[in-house]
Amino acid sequence: MRLMSLLALALLLAAGPARAEDVLRVGDQRGNARALMEAAGVLDGLPYRLEWSEFPAAAPLLEALNAGAIDAGGVGDAPFTFAAAAGVPLKAFAAYRNRQDGLAILVPPDSPIRGVADLKGKRIATNRGSIGHQIVLAALEEAGLPADSVTLSFLPPADAKIALASGGVDAWATWEPYTSTAELAGLARVVRDGNGITPGLSFAVAHDGALKAKRALLADFGRRLARARDWALADPKPYAAVWSRLIGLPEAVPLRWFGRAQYRAVPIDAEVIADEQRTIDLYVRNGLIPKARAPQAAAIFDAALLSAQDLKPEPATR
């Protein structure tokens, strides 16, 4: 173990040692990585400065990345796919798997909609290009329905929640923490979750410029985040407590979310690349990404930044 630690340190120094005056600008969604890493104690002794920016969803985070306002951030596979197809200069350098209970199509508790087939002719709110959009397309394909059998209203989460409650839409395709919040408040029930029809992948992504200029910082950040994921997998309660204080939602929300999601870091291997290619193909089939602009999955990953050994770090400090 000591030998592996020394080798990892040597590789980091070879890539260019991080200095205290170095800054890594990271975009986060609803306190996700920040709360996790602070709770796990993996940011202690950080040899560079982290600047966090909070975003309500992946789309504005990726816009900030495209504009060079941040260096890196965490996003789901669906918005990552859209950004890559749109020409955003980015690559995924770390991958995470999770169960998809919290990626769901929601309806009001008293809705007559009981299954995906009942959504035909209905209006569904979601973010364009989001994992919510992804589950709608995947669920319709599973049910043998064409994409145009429903009407999509592209709304950010806060507006989609209001539209569902007011009857402006019939369903809302969303993700965590919105799903757990709505379920626990008795405001919605699940018609179809993402298990079995979506791959349950999310990524740490970085601007191409940062992957060149801040490679050592990104590698260190990725290792620390993997440590934190392992720590939270063993016991999500401390993470839920920190997340709750940071975001201002009851602890029951993150406990439900983290307990069933079972996030874990995984290598960017052939299986991950194949799953990402299936997501690309889903969007091409449904006309959301022109075939001529569709990227090849293998080309939008930087699999060399983190090794499989990097994802099996020593335990977090708390």
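Here the structure is a predicted model, which means the values were calculated and not measured. (Residues numbered from 1 in each chain as written. Predicted model: local features only at pLDDT ≥ 70, side-chain atom pairs only at ≥ 80, totals over all residues. Heavy atoms only, no water.)

Topic: helix 3 (residues 58-66)
1) Next: Every buried residue belonging to helix 3 is among A58, L61, L62, A64 and L65, and all of these are buried. Taken down its axis, helix 3 places every buried residue within 155° of arc, on the same side.
2) Next: Residues of helix 3 that are buried sit in contact with strand 1 (23-29), strand 2 (49-55), strand 3 (72-76), helix 4 (77-85), strand 4 (90-97) and strand 10 (201-207).
3) Next: Downstream of helix 3 by a residue or two, G68 has a phi angle that is positive, lying close to 80°. (Buried < 20%, exposed > 50% of the residue type's maximum accessible area, 1.4 Å probe, protein only. Helix = DSSP H or I, 4+ residues; strand = E, 2+ residues; numbered from the N terminus. Arc of directions from axis to C-beta. Contact = heavy atoms within 4.5 Å.)

A closer look at the sheet that holds strand 8 (residues 171-174)
1) Next: Reading across the sheet, the five strands line up as 7-6-8-5-9 and stay open at both edges, with mixed pairing between neighbours. The outermost strands of the open sheet, each flanked by one partner alone, are strand 7 (151-154) and strand 9 (189-193). The mean inter-strand angle of the sheet, taken between neighbouring strand axes irrespective of direction, is 30°.
2) Next: Packing against the sheet, helix 6 (residues 157-166) makes contact with strand 5 (104-107), strand 6 (123-126) and strand 8, and its axis sits at approximately 155° to strand 8. (Pairing = 2+ DSSP bridges. Axes fitted to C-alpha atoms, helices over the stretch in contact; angles between N-to-C directions.)

Here's the deal with the environment of A117
1) Next: Inspection of the secondary structure assignment puts A117 in the loop between strand 5 and strand 6.
2) Next: What makes A117 exposed here is its relative accessible area of 55%.
3) Next: Expressed as a C-alpha distance, the spacing of A117 and L145, which sit 28 residues apart in the sequence, is 7.7 Å.

Description of the UniProt feature "domain: Solute-binding protein family 3/N-terminal" (unreviewed entry) in the chain
1) Next: The UniProt entry lists residues 23-235 under the feature "domain: Solute-binding protein family 3/N-terminal" (unreviewed entry), expressed in the numbering used here.
2) Next: As a span, residues 23-235 carries 39% helix and 26% strand, and end to end its C-alpha atoms are 31 Å apart. (UniProt positions renumbered as here; feature names shortened; annotations may be inferred.)

Digging into the pairing of strand 8
1) Next: Neither face of strand 8 is left uncovered, since the one carrying A171 and A173 and the one carrying W172 and T174 both have all their residues buried.
2) Next: Looking at chain direction, strand 6 and strand 8 are connected through two bridges and run parallel. Each residue of the ladder has a partner; that of A125, found in strand 8, is W172.

A look at helix 4
1) Next: Along helix 4, nine of the nine residues are buried, which leaves the element largely enclosed by surrounding structure.
2) Next: Of all the residues in helix 4, the buried ones are D77, A78, P79, F80, T81, F82, A83, A84 and A85.
3) Next: On the buried face of helix 4, the contacting elements are helix 3, strand 3, strand 4, helix 5 (131-143), strand 10 and helix 12 (270-285).
4) Next: Of the residues flanking the end of helix 4, it is G87, one or two places downstream, whose phi is positive at about 90°.

So, the side chain of R229
1) Next: Tracing the backbone through its elements, the reader meets R229 in helix 9 (residues 215-234).
2) Next: Excluding residues that lie within four positions of it along the chain, R229 makes contacts with N32, L36, Y96, Y239, Y263 and A265.

Structural notes on the sheet that holds strand 2
1) Next: The six strands lie next to each other as 2-1-3-10-4-11, forming an open sheet whose pairing is mixed. If you trace the sheet from one side to the other, it starts and ends with strand 2 and strand 11 (264-266), each paired once. With strand direction ignored, the average angle separating the axes of adjacent strands in the sheet is 30°.
2) Next: Inspection of the sheet shows strand 1 paired to strand 2 by seven bridges, in the parallel sense. Counterpart to R25 in the pairing with strand 2 is E51.
3) Next: Its contacts with the sheet place helix 9 against strand 1, strand 2, strand 3, strand 4, strand 10 and strand 11, and it is angled at close to 40° to strand 1.

A closer look at unusual backbone geometry
1) Next: A cis amide bond, omega 5°, links E176 with the succeeding residue P177.
2) Next: Locating P177 in the fold gives a position in the loop between strand 8 and helix 7 (178-184).
3) Next: Its identity as a non-glycine residue notwithstanding, Q262 has a phi of 55°, on the positive side.
4) Next: Assignment of secondary structure puts Q262 in the loop between helix 11 (252-261) and strand 11.
5) Next: Taking relative accessible area as the criterion, Q262 reaches 33% and is therefore assigned partly exposed.

Re the packing of aromatic side chains
1) Next: Taken as a whole, this structure holds eleven aromatic pairs when the rule is applied.
2) Next: An angle of 70° between the planes, with centres 4.7 Å apart, marks the rings of F82 and Y283 as edge-to-face. Here F82, found in helix 4, pairs with Y283, found in helix 12; they are 201 residues apart in sequence, far enough to count as distant. Just as F82 is buried, Y283 falls in that class too.
3) Next: Between the aromatic rings of W257 and F258, the centroid separation amounts to 4.8 Å while the plane-to-plane angle is 45°, which identifies the pairing as tilted.
4) Next: Note on W257: relative accessible area 3%, which makes it buried.
5) Next: By relative accessible area, which is 7% here, F258 ends up buried.
6) Next: Chaining the aromatic ring pairs together yields one cluster made of Y239, W243, W257 and F258.
7) Next: Sitting above the plane of the Y96 ring, R229 keeps its charged end 5.4 Å from the centroid. (Phe/Tyr/Trp six-rings, centres within 6.5 Å; stacked < 30°, edge-to-face > 60°. Lys NZ or Arg CZ within 6 Å of the ring centre and 35° of its normal.)

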